[in-house]
Amino acid sequence: VMEIDQHAFCHSTKLKSITIPYSVLRINFDAFSECIELERITVSPNNQTYKDIEGVLYSKDSRMLINYPAKKKDKEYYLPEEVAFICTEAFKDNQSLEIVKIGDNVTALSDYAFKNCTNLTTVALGSNVRIIGKEAFANCKNLAEFTYPISLKSVSGGYGDYGIFVGCTALTSVVVPEGVTALPANVFYKAPALMSVSLPSTLTSIGAHAFDTSAIT
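This one's a predicted model, so the numbers in the text were calculated from it and none came from an experiment. (Residues numbered from 1 in each chain as written. Predicted model: local features only at pLDDT ≥ 70, side-chain atom pairs only at ≥ 80, totals over all residues. Heavy atoms only, no water.)

### Describing the overall build of the protein
For the protein, the helix and strand inventory stands at 0 helices and 19 strands. For 217 residues, the compact-globule estimate of 2.2 N^0.38 gives 17 Å, and the C-alpha radius of gyration of the protein, at 17 Å, lies within 12% of that figure. Intrachain contacts of the protein at a sequence separation of at least 6 include 37% that bridge at least 24 residues. When the accessible surface of the protein is summed, it comes to about 9,900 Å², and 50% of that surface belongs to carbon and sulfur atoms. Positive and negative charge centroids in the protein, built from 19 and 23 side chains respectively, lie 3 Å apart. (Helix = DSSP H or I, 4+ residues; strand = E, 2+ residues; numbered from the N terminus. Rg over C-alpha atoms; globule rule 2.2 N^0.38 Å. Contact = heavy atoms within 4.5 Å. Areas by Shrake-Rupley, 256 points an atom, 1.4 Å probe, with all protein chains shown as cover. Lys, Arg positive; Asp, Glu negative; His and termini not counted. Charge placed at Lys NZ, Arg CZ, Asp CG, Glu CD.)

Written out as structure tokens, the structure reads:
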């Protein structure tokens, strides 16, 4: 086997573990989508493209976190410092995680990265996150603390798409720190419970639909 393609194991709801052989050169980002019972991904140490760290799938150089199994039971997870990119659906559907700490080398959170992580309460983003994908935190119903990164430049998904905080019913307030000069378009679009935002004196522009359909009145 050299490639595991899109949706290869999608909806394999009884799959609990999988071993990636040395021969695999490419794994599509959503190969394990909806594998809600997956506890562990193991990669052959002879594989030259991928590896696992305690059951989590990474690129061989640790720069990409590809898949954190939906049924992995840790309540806290600190990403290795080498990680620069969190792939699409990386943490999606995990029901155990409560706290995630993301290092300063991470520059992007892809679409749906933490979608449906319903017990997630705190995400500490590093100082260099520039892009957050659409629905990155959708339906994280217990997410109450969000550290706004000074470096954030854009969020994915245009007007009419779901925002990054859609369904986050516990996120009622956000502090945007001093030093931030612009809020990107759609950043708090469809954040249903957001009632209070503290803005810094350094802010000079607010993007289109930044607070559209939030609870701010």
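Right, picking up where we left off after that structure.
### Here we look at the pattern of salt bridges
Summed over the entire model, instances satisfying the criterion amount to 8 salt bridges. When the shortest N-O distance is used, the salt bridge between lysine 71 and glutamate 37 registers 3.8 Å. Taken together, the residues lysine 71 in the loop between strand E7 (64-67) and strand E8 (76-78) and glutamate 37 in the loop between strand E3 (26-27) and strand E4 (40-43) connect sequence positions 34 residues apart. A salt bridge links glutamate 135 to lysine 115, with the nearest nitrogen and oxygen atoms 2.9 Å apart. One end of the pair, glutamate 135, is in the loop between strand E13 (131-132) and strand E14 (145-146); the other, lysine 115, is in the loop between strand E11 (108-109) and strand E12 (122-124), with 20 residues separating them in the sequence. Sharing partners across several salt bridges, the network here consists of Glu3, Asp5 and Arg26. (Salt bridge = Lys/Arg side-chain N within 4 Å of Asp/Glu carboxyl O.)

### Let's talk about the sheet that holds strand E5 (residues 50-53)
In spatial order, the strands read E5-E6-E7-E9-E11-E13-E15; together these 7 strands make up an open sheet with mixed pairing. Lying at the two open borders of the sheet, with one neighbouring strand each, are E5 and strand E15 (154-155). Across 2 bridges, the pairing between E13 and E15 is parallel. Bridge pairing in E15 places isoleucine 131 opposite serine 154. (Pairing = 2+ DSSP bridges.)

### Here's the deal with the sheet that holds strand E10 (residues 99-101)
Strand order across the open sheet formed by 4 strands is E8-E10-E12-E14, with parallel pairing between neighbours. Edge positions in the sheet fall to E8 and E14, since each has one partner strand and no second. In this structure, E12 lies alongside E14, joined through 2 bridges in parallel fashion. If you follow valine 123 over to E14, its bridge partner there is phenylalanine 146.

### Focus on the pairing of E5
Burial of E5 is one-sided: the residues Tyr50 and Asp52 facing one way are buried, the residues Lys51 and Ile53 facing the other way are not. In this structure, E5 lies alongside strand E6 (residues 56-59), joined through 4 bridges in antiparallel fashion. Paired with isoleucine 53 across the two strands is valine 56, which belongs to E6. If you look at the hairpin formed by E5 and E6, you'll find 2 residues sitting between the two strands, and glutamate 54 has a positive phi there, around 50°. (Buried < 20%, exposed > 50% of the residue type's maximum accessible area, 1.4 Å probe, protein only.)

### Thoughts on the pairing of E6
Side chains on a regular strand alternate between the two faces of the sheet. Both faces of E6 are covered, namely the face carrying Val56 and Tyr58 and the face carrying Leu57 and Ser59. With 2 bridges connecting them, E6 and E7 associate as antiparallel partners. Counterpart to tyrosine 58 in the pairing with E7 is leucine 65.

### Quick look at the environment of valine 1
Checked against the element boundaries, valine 1 lands in the segment before strand E1 (3-4). For valine 1, a relative accessible area of 66% gives the class exposed. When the C-alpha positions of valine 1 and valine 24 are compared, they lie 5.8 Å apart, and in sequence the two are 23 residues distant. In this structure valine 1 touches Ser23 and Val24, once residues within four positions along its chain are discounted.

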